[in-house]
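# Understanding the architecture of this molecule
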Amino acid sequence: MKDEKAISPVVGIMLMIAITIVLGVTLIFFATAFEMQEPAPFVAHSSGELVRKGGADVQKTDQRVYLYHEGGDPIDVSDIEIVVSFDKNDKVGTLHNFPIEGDDPNPTSEYVSGDDVFDNSHNSIEGSIGTGDVDDDGMWSTGEYVMFRISNTAVSLNSGDIVYVKIIHTPTNTVIMEETLTAS
């Protein structure tokens, strides 16, 4: 009779050890199964400006957006997209597939999606997102800028109009820079 009671504690202990091992293996599997994603670059400080130059004729107005990376991590331009929207209409345009290649960088169809809000004429892109950059290393670093022009036929901006610009780090889908710019 004493031998029969001794089997119950042994079986219970063996079951608890088996359950602990199964739980441990399950936790290890889930912990290692998911690849850790690199965090988005940290932009400590940025600024921007929307500059309108030209005469009274809207067709001759040059509408330029300047974005400045003033502090933080360097940004690989191939990992970003620039999203532009406006307060005066519901148009939204996106620039992507950087750096824009060529001696005369302009946002042709392979670099643009959404509404046709970008000027794709001669030298309508400058700075770190084009191959004409001075150091041409594919990075947008502190002290560098990006410039693109907005089409004056698709979006005619007046003094005081607002443009919203977001820069999205595409691998993490994180907004790393956001600027609200007012036309001068």
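The structure we're discussing is the one just above.
Quick summary incoming for the structure in this document. It should be emphasised that the depicted structure is a prediction, and the values quoted were computed from it without experimental measurement.

What counts as what
- Residues numbered from 1 in each chain as written.
- Predicted model: local features only at pLDDT ≥ 70, side-chain atom pairs only at ≥ 80, totals over all residues.
- Heavy atoms only, no water.
- Pairing = 2+ DSSP bridges.
- Helix = DSSP H or I, 4+ residues; strand = E, 2+ residues; numbered from the N terminus.
- Axes fitted to C-alpha atoms, helices over the stretch in contact; angles between N-to-C directions.
- Buried < 20%, exposed > 50% of the residue type's maximum accessible area, 1.4 Å probe, protein only.
- Patch = residues over 30% accessible without salt bridge, like charges linked within 9 Å, V, L, I, M, F, W, Y side chains within 5 Å.
- Areas by Shrake-Rupley, 256 points an atom, 1.4 Å probe, with all protein chains shown as cover.
- Salt bridge = Lys/Arg side-chain N within 4 Å of Asp/Glu carboxyl O.
- Polar contact = N/O pair within 3.5 Å; in protein donor to acceptor, adjacent residues only side chain to side chain.
- Contact = heavy atoms within 4.5 Å.
- Phe/Tyr/Trp six-rings, centres within 6.5 Å; stacked < 30°, edge-to-face > 60°.

Turning to the sheet that holds strand S10 (residues 162–169), a few remarks are in order. Taken together, the five strands give an open sheet; going across it, the order is S6-S5-S4-S10-S11, and neighbouring strands pair in antiparallel fashion. Edge positions in the sheet fall to strand S6 (112–114) and strand S11 (174–182), since each of these pairs with one other strand and no more. Between one strand and the next, the sheet's axes are offset by a mean angle of 20 degrees, whatever the strand orientation. Alignment of strand S5 (residues 92–95) against S6, held across three bridges, turns out to be antiparallel.

Right, let's talk about unusual backbone geometry for a bit. In this model, phenylalanine 98 is joined to proline 99 through a cis peptide bond whose omega is -5 degrees. Here proline 99 shows up in the loop between S5 and S6. Notably, asparagine 97 is not glycine yet its phi reads approximately 60 degrees, a positive angle. Topologically, asparagine 97 is positioned in the loop between S5 and S6. With a relative accessible area of 46%, asparagine 97 lands in the partly exposed category. At asparagine 173, a residue that is not glycine, the phi angle is positive and equals roughly 55 degrees.

Glancing now at the sheet that holds strand S1 (residues 43–53). Pairing within the open sheet is antiparallel, and its four strands lie in the order S1-S2-S9-S7. Two strands bound the open sheet, and with one partner strand each, they are S1 and strand S7 (125–127). The sheet shows a mean angle of 15 degrees between the axes of neighbouring strands, direction not considered. Sheet topology note: the S1/strand S2 (residues 62–72) ladder contains ten bridges and is antiparallel. Counted as the bridge partner of valine 51 is arginine 64 from S2.

What follows deals with a nonpolar patch on the surface. Among the surface-exposed residues, Val10, Ile13, Met14, Ile17, Ile21 and Val25 lie close enough to one another that they form a single nonpolar patch of about 580 Å² accessible area. On the basis of relative accessible area, isoleucine 17 is assigned to the partly exposed category, the value being 44%.

Here we come to the side chain of serine 47. Following the sequence through the fold, serine 47 ends up in strand S1. There is a polar contact of 2.6 Å between the side chain of serine 47 and the side chain of glutamate 70. Sequence-distant contacts of serine 47, defined by excluding residues within four places in its chain, comprise Tyr66, Leu67, Tyr68, Glu70 and Glu179.

Moving on, we get to the pairing of S2. Successive residues of a regular strand alternate their side chains across the two faces of the sheet. Across the eleven residues that make up S2, a large majority, eight, are buried. With six bridges connecting them, S2 and strand S9 (residues 145–150) associate as antiparallel partners. Bridged to tyrosine 66 within S9 is methionine 147.

Looking at the element boundaries, isoleucine 176 is found in strand S11. On the basis of relative accessibility, which here comes to 11%, the residue isoleucine 176 falls in the buried class. Residues isoleucine 176 and alanine 40, 136 residues apart in the sequence, show an inter-C-alpha distance of 7.3 Å. Non-local contacts of isoleucine 176, meaning those with residues more than four positions away in its chain, are made with Ala40, Pro41, Val43, Ile75, Ile80, Ile167 and His169.

Moving on: the packing of aromatic side chains. Throughout the structure, instances matching the rule amount to four aromatic pairs. Taken together, a centroid distance of 6.2 Å and an interplanar angle of 40 degrees make the contact between tyrosine 66 and tyrosine 145 tilted. A residue pair is termed long-range when its members are at least 10 positions apart, and tyrosine 66 in strand S2 and tyrosine 145 in strand S9 qualify at 79 residues. Residue classification places tyrosine 66 among the buried residues on the basis of a relative accessible area of 15%. Where phenylalanine 118 meets phenylalanine 148, the ring centres are 5.6 Å apart and the plane angle is 75 degrees; that geometry is what we call edge-to-face. Placement of phenylalanine 118 in the loop between S6 and S7 and of phenylalanine 148 in strand S9 is noted, with a sequence separation of 30 residues between them. For phenylalanine 118, a relative accessible area of 4% corresponds to the buried category. Taken together, Tyr66, Tyr68 and Tyr145 form an aromatic cluster joined through their ring pairs.

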